Amino acid sequence: MKAQSKRAIYSDTRKLLDYGLSGFTRSAIPKDSVFHYEDTSFELNQDFQFTQPANGKFTESLNRNGVLTLYNEDQEEMASTKLSPVMKSPVKHKNAVASSESSGLFFGDELRQQILFYPFFIYMILLFIMGISIFRIGSVKK
């Protein structure tokens, strides 16, 4: 930064700082975020901080080795980090997802509870409509 005077040096420095502070933003992907590649899941062990253009967008790319890479709008690499694979725990099912047996007419106890709820719900709606109509009739007579 060769300049004619000290004022010119400070002017150039100010312009560079203004550009850097107004043209870019600091962003982060939070810890424990999960990313998927085909049938494998990967997660971040710590917050992933990166800098991006203030008016720009970025895309994420994950490869089979668990490397997350961020690209800017021009497809230039901005940042990358290594993710750790998520270990899947075995799933234990207490209830069957689908069964050919049924305990009731259609859905067992659930249908019975719904059948009891709907008349009450309809009754409340009718009371509400009657209340509104009574208030309207009273306001018209005045």
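Each remark here, short or long, concerns the structure printed above.
Okay, so let's go over this structure. Since the structure is predicted, the reported quantities are computational estimates derived from the model, not experimental observations.

Thresholds, definitions, all that
- Residues numbered from 1 in each chain as written.
- Predicted model: local features only at pLDDT ≥ 70, side-chain atom pairs only at ≥ 80, totals over all residues.
- Heavy atoms only, no water.
- Core = buried A, V, L, I, M, F, W, Y, C linked by side-chain atoms within 4.5 Å.
- Buried < 20%, exposed > 50% of the residue type's maximum accessible area, 1.4 Å probe, protein only.
- Helix = DSSP H or I, 4+ residues; strand = E, 2+ residues; numbered from the N terminus.
- Phe/Tyr/Trp six-rings, centres within 6.5 Å; stacked < 30°, edge-to-face > 60°.
- Pairing = 2+ DSSP bridges.
- Polar contact = N/O pair within 3.5 Å; in protein donor to acceptor, adjacent residues only side chain to side chain.
- Contact = heavy atoms within 4.5 Å.

**A closer look at the nonpolar core**
Among the nonpolar cores identified, the biggest contains 11 residues, and these are Ile29, Phe35, Phe42, Leu44, Phe48, Phe50, Leu62, Leu68, Leu70, Ala79 and Leu83. Broken down by secondary-structure element, the contributors of at least two residues to this core are β4 (48–53) and β6 (67–71).

**So, the packing of aromatic side chains**
In total, this model carries two aromatic pairs according to the counting rule given. Relative to phenylalanine 50, the ring of phenylalanine 48 lies with its centre 6.0 Å away and its plane at 35°, an arrangement referred to as tilted. Like phenylalanine 48, the residue phenylalanine 50 is buried in the burial classification. On the basis of an interplanar angle of 70° and a centroid distance of 5.0 Å, the ring pair of phenylalanine 50 and phenylalanine 58 is categorised as edge-to-face. Here the aromatic residues Phe48, Phe50 and Phe58 are joined through ring pairs into a cluster of three or more.

**As for the sheet that holds strand β3 (residues 40–43)**
Strands sit in the order β2-β3-β8 across an open sheet of three strands; the sheet is antiparallel. Single-partner strands in this sheet number two, and they are β2 (34–37) and β8 (84–85). Looking at chain direction, β2 and β3 are connected through four bridges and run antiparallel. Paired with phenylalanine 35 across the two strands is phenylalanine 42, which belongs to β3.

**Quick notes on the side chain of serine 84**
With respect to the element layout, serine 84 can be found in strand β8. You can call serine 84 buried: its relative accessible area is 17%. A polar contact of 2.7 Å, which involves the side chain of serine 84, links it to the side chain of asparagine 45. Those residues in contact with serine 84, other than ones at most four positions away along the chain, are Ser41, Phe42, Glu43 and Asn45.

**Considerations on the environment of asparagine 45**
Structurally, the position occupied by asparagine 45 is in the loop between β3 and β4. With a relative accessible area of 54%, asparagine 45 lands in the exposed category. When near neighbours in sequence (up to four residues on either side) are disregarded, asparagine 45 contacts Lys31 and Ser84.

**Some points on the environment of aspartate 47**
Residue position: aspartate 47 is located in the loop between β3 and β4. On the basis of relative accessibility, which here comes to 44%, the residue aspartate 47 falls in the partly exposed class. Among residues more than four places away in sequence, those in contact with aspartate 47 are Ile29, Pro30 and Lys31. A distance of 2.7 Å separates the side chain of aspartate 47 from the backbone nitrogen of lysine 31, its partner in a polar contact.

Function-wise, these values are silent; they only describe arrangement.
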